[in-house]
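# Topology and contacts: notes
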Amino acid sequence: MKSPQTPFAVFALVLAAAVLASSTAAQAPQSPQGKAADQSSAPPPRSFPAPTNLKVLPKDLTGQQVRDIMKQWSASLGSRCDSCHAEDPDNVRPDGRPILKFADDSKPMKAVARTMYTMTEQINSNYIARLEGSGLPVTCGTCHRGHIGPEPFDASSQSQKPPMPAPPDQNRPASQ
Ligand code: HEC
Ligand code: HEC
């Protein structure tokens, strides 16, 4: 019992499929164009000058690499660039914001940060790296946790809470 509508239904289906295919085909090249338009309206990537006064970080870091480390330090300490970097009194941005003299060493906090970096590197290379199956280096954030002065840990306020279960550890034997 063939319905007279069947050939039309098949035709309609083919037509629908063709329309769908052509519309996706038409859309496909639009998205890269859209992206290109987005990129051209975005500001060009900033370039950062190569560092001139590194005493503890590797001296061959690029300006961008130093910048990435500095963002990491700032976030780990919950601090801003000007906690460690002095303002340039003779040089202010048009919007009134100060310009920082990043290579200048006059802020004592910068010297503390150098000591802290060296300490962290030594903890990792002399101790953490020697642990069997070690994979979790100490970072500024391990101790600072978003505060420039690490908060004192009050063990007595923890005693009310049930003990934390040991984290799953794939690397180390369960006995340790
Ligand atoms: C906790 C202190 C601290 C904070 C916060 C900090 N810096 Fe630094 N910064 C340092 C230290 C220390 C050095 C020098 C490292 C060395 O001697 O190897 C440095 C070096 C630099 C340099 C290289 C200067 C040069 O020419 O030698 C730049 C650029 C810089 N910081 C930018 C920033 C920016 C941008 C921020 C904020 C996002 C920031 N810093 C936040 C401590 C800090
Ligand atoms: C092992 C724990 C530990 C690590 C890791 C650590 N810090 Fe610290 N940091 C401390 C302690 C504790 C103090 C407070 C020392 C004091 O007040 O005498 C401190 C103080 C500081 C201060 C001075 C704060 C103030 O108010 O005077 C700065 C700046 C600092 N650390 C930066 C860093 C940076 C940058 C890193 C990573 C490169 C780092 N620290 C890694 C424990 C740590």
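Criteria and thresholds
The residue numbers shown here count from 1 along each chain, following its written sequence. Chain letters start at A and ligand numbers start at 1, both assigned in the order the entries are written. Where totals are concerned, whole chains, interfaces and linings use all residues; where local detail is concerned, this predicted model gives features only for residues with pLDDT of at least 70, and gives and counts side-chain atom pairs only at 80 or more. Processing note: side-chain calculations cover all non-hydrogen atoms of the structure and skip hydrogens and water entirely. Buried Ala, Val, Leu, Ile, Met, Phe, Trp, Tyr and Cys residues form a nonpolar core when they are joined through side-chain atoms within 4.5 Å. Burial classes: relative accessible area under 20% of the type maximum marks a residue as buried, over 50% as exposed, and values in between as partly exposed (1.4 Å probe, protein chains only). For the purposes of this entry, the term helix denotes a DSSP run of H or I that reaches at least four residues, the term strand denotes a run of E that reaches at least two, and both are numbered from the N terminus. Residues are treated as being in contact if the distance between any of their heavy atoms lies within 4.5 Å. Throughout this document, a residue counts as near a molecule or strand when at least one of its heavy atoms sits within 4 Å of that molecule or strand. For this analysis, a polar contact is any N or O atom pair within 3.5 Å, provided that within protein one partner can donate a hydrogen and the other can accept it, and provided that sequence-adjacent residues contribute only side-chain to side-chain pairs. Using a grid of 1 Å spacing that covers the protein atoms alone, one calls a set of points a cavity when a 1.4 Å probe fits there but cannot get out, and a pocket when the set is open and has protein on both sides within 12 Å along at least five of seven lines; lining residues are those with an atom within 4 Å of a point. More than half of a molecule's atoms within 2 Å of the grid points is what it takes for that molecule to sit in a cavity or pocket. Three classes are used, and their members are as follows: Ala, Val, Leu, Ile, Met, Phe, Trp, Tyr, Cys and Pro are nonpolar, Asp, Glu, Lys and Arg are charged, and the others, Gly among them, are polar. Only N, O and S atoms count as donors, using a 2.8 Å limit from the metal and a wider 3.2 Å limit for Na, K and Ca, and since water is excluded some coordination spheres may look unfilled. Key to geometry: four donors with every angle between 85 and 135 degrees are tetrahedral; four donors are square planar and six octahedral where opposite donors lie over 155 degrees apart and all remaining angles lie between 65 and 115; all other sites are irregular. Grid points are joined across faces, edges and corners, and a volume is the space filled by probe spheres set on the points.

## Quick notes on the nonpolar core
With eight residues, the main nonpolar core is built from Leu 54, Leu 57, Leu 61, Val 66, Trp 73, Cys 84, Ala 113 and Tyr 117. At the level of secondary structure, the elements contributing two or more residues to this core comprise α3 (63-77) and α4 (108-127). Apart from residues no more than four positions distant in its own chain, Tyr 117 is found in contact with Val 56, Leu 57, Pro 58 and Trp 73.

## Overview of the environment of Thr 52
Tracing the sequence through the fold places Thr 52 in the loop between α2 (30-41) and α3. Judged by relative accessible area, which is 70%, Thr 52 ranks as exposed. The sequence separation of Thr 52 and Ala 103 amounts to 51 residues, and the corresponding C-alpha distance is 6.6 Å.

## Considerations on the site of ligand 1
The local shell around ligand 1 holds 23 residues, among which Met 70, Cys 81, Cys 84, His 85 and Arg 114 are the closest. Measuring from an oxygen atom of ligand 1, one finds a backbone N or O atom of Val 56 at 2.9 Å. When atoms are counted within 2 Å of each cavity's grid points, the one that captures over half of ligand 1 is the largest pocket. With six residues, α3 is the largest single contributor of residues to the shell around ligand 1. Tallied by class, the residues present in the shell around ligand 1 amount to 13 nonpolar, five polar and five charged.

## Looking at the coordination of the iron atom of ligand 1
Surrounding the iron atom of ligand 1 are the protein donor atoms Met 70 (SD) and His 85 (NE2), at 2.0 to 2.3 Å. Because the angles between the six donor atoms bound to the iron atom of ligand 1 fall within 86 to 179°, the donor set is best described as octahedral. Taken as a pair, Met 70 in helix α3 and His 85 in the loop between α3 and β1 (87-92) lie far apart in primary sequence, 15 residues in all. Since its relative accessible area comes to 22%, Met 70 is described here as partly exposed.

## Quick look at the site of ligand 2
Around ligand 2 sit 16 residues in total, of which Met 116, Cys 140, Cys 143, His 144 and Pro 150 are the nearest. Between ligand 2 and His 144, the relevant distance is 2.7 Å, taken from a nitrogen atom to a side-chain nitrogen or oxygen of the residue. Given that more than half its atoms are within 2 Å of the pocket grid, ligand 2 belongs to the largest pocket. Listing elements by their share of the shell around ligand 2, those giving two or more residues are α3, α4 and α5 (140-144). The greatest single-element share of the shell around ligand 2, amounting to seven residues, is contributed by α4. Tallied by class, the residues present in the shell around ligand 2 amount to 13 nonpolar, three polar and no charged.

## Remarks on the side chain of His 85
Look at His 85 and you get buried, because its relative accessible area is 9%. At 3.3 Å, the side chain of His 85 forms a polar contact with the backbone oxygen of Phe 102. With sequence-adjacent residues up to four places away left out, His 85 is seen in contact with Met 70, Leu 100, Lys 101, Phe 102, Lys 107 and Lys 110.

## Let's talk about the layout of surface pockets
The gaps of empty space that remain are located by a probe, the size of a water molecule, rolled over the atoms. Space inside the largest pocket adds up to approximately 1,000 Å³. As for the largest pocket, its lining consists of 45 residues, of which Val 66, Met 70, Trp 73, His 85 and Phe 102 are closest to the centre. Tallying contributions element by element places α4 first for the lining of the largest pocket, with ten residues. Classifying every residue of the lining of the largest pocket by side-chain character gives 28 nonpolar, nine polar and eight charged. By volume, the second largest pocket is sized at about 320 Å³.

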